[in-house]
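Structural characterization, general
Spelled out from the first residue to the last, the chains are:
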Amino acid sequence: MKNIETKNTKKQKTTANKLFREYLTEKSKPIEFEQYTVEQLDNTLASFYLEMRSKEGKLYKKTTMQAYRQGLNRHIQKCRDIDICNEDIFKKSCKSYKGMSKELKRLGLAAIKHHSSIKESDIGKMYSYFCKNLEDAQLLQYKNACTQLGKNHSCFSWPRKMRDRKWYDIDDILRTIPIPEAVKGNDSHFKVNDSDWREVMVQLGIKDFV
């Protein structure tokens, strides 16, 4: 299958590379880090994780640091087929990353901001819209999605025994979304945040809901 990068993934990788090159420039080091030896890259990344700051001089959140690390890793793997997250090879930088992650957590910069659930009234609007014409195949698909979410909360069930699979072609995919949040107390139920769901409704042209 052809390797396809999402728009957000490309942006993440570009931003991470830019940030790392700016750091190298400040340290008067060569910016072509793709040509560094493994040892040079390991040592430089170890310092980078500890010293990376925003333009305002503030520490990044843990999730932001993780995203930039993943962006750098994707770029380097594409160029040289090495994994900077491999603790056996990049021992120093991985240790530095773990230490900084713990410090960010201690400082309260590891908390994840959760979106509120979809209101029951909005779920009702969705369900009513999807039931307008039960002979419309596309609306039946939307109705099924609404039913999976449930009328009372923005959740869906995914049985543990069901294996994930590719249901649609790439051209049928509207957008990617963050990993749904697991519902406490039920390991087979997950929740899609309402902002992502609303954006999908806009893309589908469902104005009655929006």
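Source: prediction; values computed, not measured. (Residues numbered from 1 in each chain as written. Predicted model: local features only at pLDDT ≥ 70, side-chain atom pairs only at ≥ 80, totals over all residues. Heavy atoms only, no water.)

1. Comments concerning the nonpolar core
Note the following rule: As used here, the term nonpolar core means buried Ala, Val, Leu, Ile, Met, Phe, Trp, Tyr and Cys residues forming a set that is joined through side-chain atoms within 4.5 Å. For the exposure calls, accessible area comes from a 1.4 Å probe over protein chains only, and a residue counts as buried if that area is under 20% of its type's maximum, exposed if over 50%, partly exposed in between. Put simply, DSSP H or I for four residues or longer makes a helix, DSSP E for two residues or longer makes a strand, and each gets a number counted from the N terminus. Contacts: residue pairs with any heavy atoms within 4.5 Å of one another.
Membership of the largest hydrophobic core comes to 24 residues, with the highest contact counts inside it found for Phe20, Leu41 and Phe48. Secondary-structure elements contributing two or more residues to this core are helix H1 (7-26), helix H2 (38-51), helix H3 (62-80) and helix H4 (91-106). Top element by residues in this core is H1. It accounts for five residues. Setting aside chain neighbours within four positions, we find Leu41 in contact with Phe20, Phe33, Tyr36, Ile76, Ile82, Ile84 and Phe90.

2. Quick look at empty space enclosed by the protein
Inclusion rule: Cavities and pockets were defined on a 1 Å grid built from protein atoms only: a cavity is a group of points that admits a 1.4 Å probe but offers it no way out, a pocket is an open group of points flanked by protein on both sides within 12 Å along at least five of seven lines, and a lining residue is one with an atom within 4 Å of any such point. Grid points are joined across faces, edges and corners, and a volume is the space filled by probe spheres set on the points. Basically, the charged four are Asp, Glu, Lys and Arg, the nonpolar ten are Ala, Val, Leu, Ile, Met, Phe, Trp, Tyr, Cys and Pro, and anything else, Gly included, counts as polar.
Going through the model one piece at a time under the given rule, you end up with one cavity of 30 Å³ or more. A per-class count over the lining of the largest cavity returns seven nonpolar, no polar and no charged.

3. Comments concerning the packing of aromatic side chains
Spelled out, the test is: Here is the rule: rings of Phe, Tyr and Trp (six-membered ring for Trp) pair when centre to centre is within 6.5 Å. Planes less than 30 degrees apart are stacked, more than 60 are edge-to-face, and the remainder are tilted. In this scheme, the term charge over a ring applies when either NZ of a lysine or CZ of an arginine sits within 6 Å of the ring centre and within 35 degrees of the ring normal.
Applying the stated rule across the entire model yields six aromatic pairs. Each ring, one from Tyr60 and one from Tyr68, has its centre 5.4 Å from the other, and the planes form 90 degrees; the classification is edge-to-face. For the pair formed by Tyr60 and Tyr68, the shared burial category is buried. Members of the aromatic cluster, connected to one another through ring pairs, are Phe20, Tyr23, Phe33, Phe48, Tyr49 and Tyr97. Positioned above the aromatic ring of Tyr97, the side-chain terminus of Arg69 is 3.9 Å from the ring centre.

4. A few points about the pattern of salt bridges
Our working definition: Salt bridge, as used here, is a side-chain nitrogen of Lys or Arg placed within 4 Å of a carboxyl oxygen of Asp or Glu.
By the definition in use, this model includes four salt bridges. Here Lys27 ties to Glu51 by a salt bridge, and the two come within 3.0 Å at their closest N and O atoms. In this pair, Lys27 sits in the loop between H1 and H2 while Glu51 sits in helix H2, placing the two residues 24 residues apart along the sequence.

5. Some details on the state of the cysteines
Quick note on the threshold: We call a pair of cysteine sulfur atoms a disulfide whenever their separation is within 2.5 Å.
Summed over the entire model, instances satisfying the criterion amount to zero disulfides. Residue Cys94 stays outside any disulfide, its sulfur separated by 6.3 Å from that of Cys85, the closest cysteine. We classify Cys94 as buried; its relative accessible area is 3%.

6. Observations concerning H4
The cut-off we apply is this: Between the first and last residue of a helix there are one fewer steps than residues, each counted as 1.5 Å, and that sum is the expected span. The directions from the helix axis to the C-beta atoms form the arc being described.
Helix length check: H4, at 16 residues, gives a terminal C-alpha distance of 23 Å against a target of 22 Å (1.5 Å per residue), a fit within 8%. For H4, the full list of buried residues reads Ser93, Cys94, Ser96, Tyr97, Met100, Ser101 and Leu104. Burial along H4 is one-sided: seen end-on, the buried residues are contained in an arc of 160 degrees. Exposed residues lying more than 90 degrees from the buried face of H4 are Lys91, Lys95, Lys102, Lys105 and Arg106. Against the buried residues of H4 lie H2 and H3. A positive phi of about 80 degrees marks Gly108, the residue just after H4.

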